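Understanding the architecture of this molecule
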Amino acid sequence: LVLFIPMLFLTLLLLFLALFPGAFNCCMKISDVIPKGILRRVERFEIQKADGLCHLEAVILFIQGRKFCVSPQIRKVKKWMKKNKQKILGKKTHSRKQRRTKIIKKKEKKQ
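The name that an unreviewed UniProt entry assigns to the protein chain is CCL28 protein, with the source organism given as Corythaixoides concolor. Of the protein chain, the UniProt comment under Subcellular location (unreviewed entry) reads exactly: "Secreted". Looking at the Sequence similarities (unreviewed entry) heading of the UniProt record, one finds this comment for the protein chain: "Belongs to the intercrine beta (chemokine CC) family."

Before going further, it helps to spend a moment on the nonpolar core. Counting 13 residues, the largest nonpolar core has I34, L39, V59, L61, V70, V77 and W80 as its most contacted members. Not counting residues up to four positions away in its chain, the partners in contact with L61 are I34, L39, V42, R44, F45, R66, K67, F68, V70 and W80. In this structure, C27, I60, F62 and C69 belong to the second largest nonpolar core, which totals five residues.

Through backbone hydrogen bonds, the strands of a sheet pair up, either in parallel or in antiparallel fashion. The strand order 1-2-3 describes an open sheet built from three strands, whose pairing is antiparallel. The open sheet terminates on both sides in strands that have one partner only, identified here as strand 1 (44-48) and strand 3 (66-70). When strand polarity is set aside, the average angle formed by the axes of neighbouring strands in this sheet is 25°. Summarising the sheet, strand 2 (residues 58-63) and strand 3 pair through five bridges and their orientation is antiparallel.

For the structure on display, the rule yields one salt bridge. Here E46 makes a salt bridge to R44, at a shortest N to O gap of 3.0 Å. Relative accessible area serves as the criterion here: at 28%, R44 is assigned to the partly exposed category.

The rules behind each value
- Residues numbered from 1 in each chain as written.
- Predicted model: local features only at pLDDT ≥ 70, side-chain atom pairs only at ≥ 80, totals over all residues.
- Heavy atoms only, no water.
- UniProt positions renumbered as here; feature names shortened; annotations may be inferred.
- Core = buried A, V, L, I, M, F, W, Y, C linked by side-chain atoms within 4.5 Å.
- Buried < 20%, exposed > 50% of the residue type's maximum accessible area, 1.4 Å probe, protein only.
- Contact = heavy atoms within 4.5 Å.
- Pairing = 2+ DSSP bridges.
- Helix = DSSP H or I, 4+ residues; strand = E, 2+ residues; numbered from the N terminus.
- Axes fitted to C-alpha atoms, helices over the stretch in contact; angles between N-to-C directions.
- Salt bridge = Lys/Arg side-chain N within 4 Å of Asp/Glu carboxyl O.

Here you go:
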């Protein structure tokens with residue numbers, strides 16, 4: 001019985017982690033103020049909804065492998081998110097490369 005209880009606890013913990021991988025990845029605190037110039041260094045961002053496992057609405061900013069949780073109600077953050085939609089969830093668009101390719105193809109067709 002002494003060995004059974006810790007093994008049961010460990011099994012339940014592993015099962016919980018497998019079923020809910022994002023449970024320990026939620027922002028628990030958010031900042032209502034954002035330091036000057038931090039938005040210029042953001043590599044990507046995620047939006048945390050206040051449903052499911054996470055009970056706090058937040059914008060998660062990723063800068064050099066670190067994450068910063070800020071309030072989605074900050075005017076500066078809202079404006080920045082509209083301008084930088086391509087950085088959401090780490091997805092980056094390559095519109096410039098595609099555009100250059102199309103221009104080159106058009107030039108080749110003319111010759």
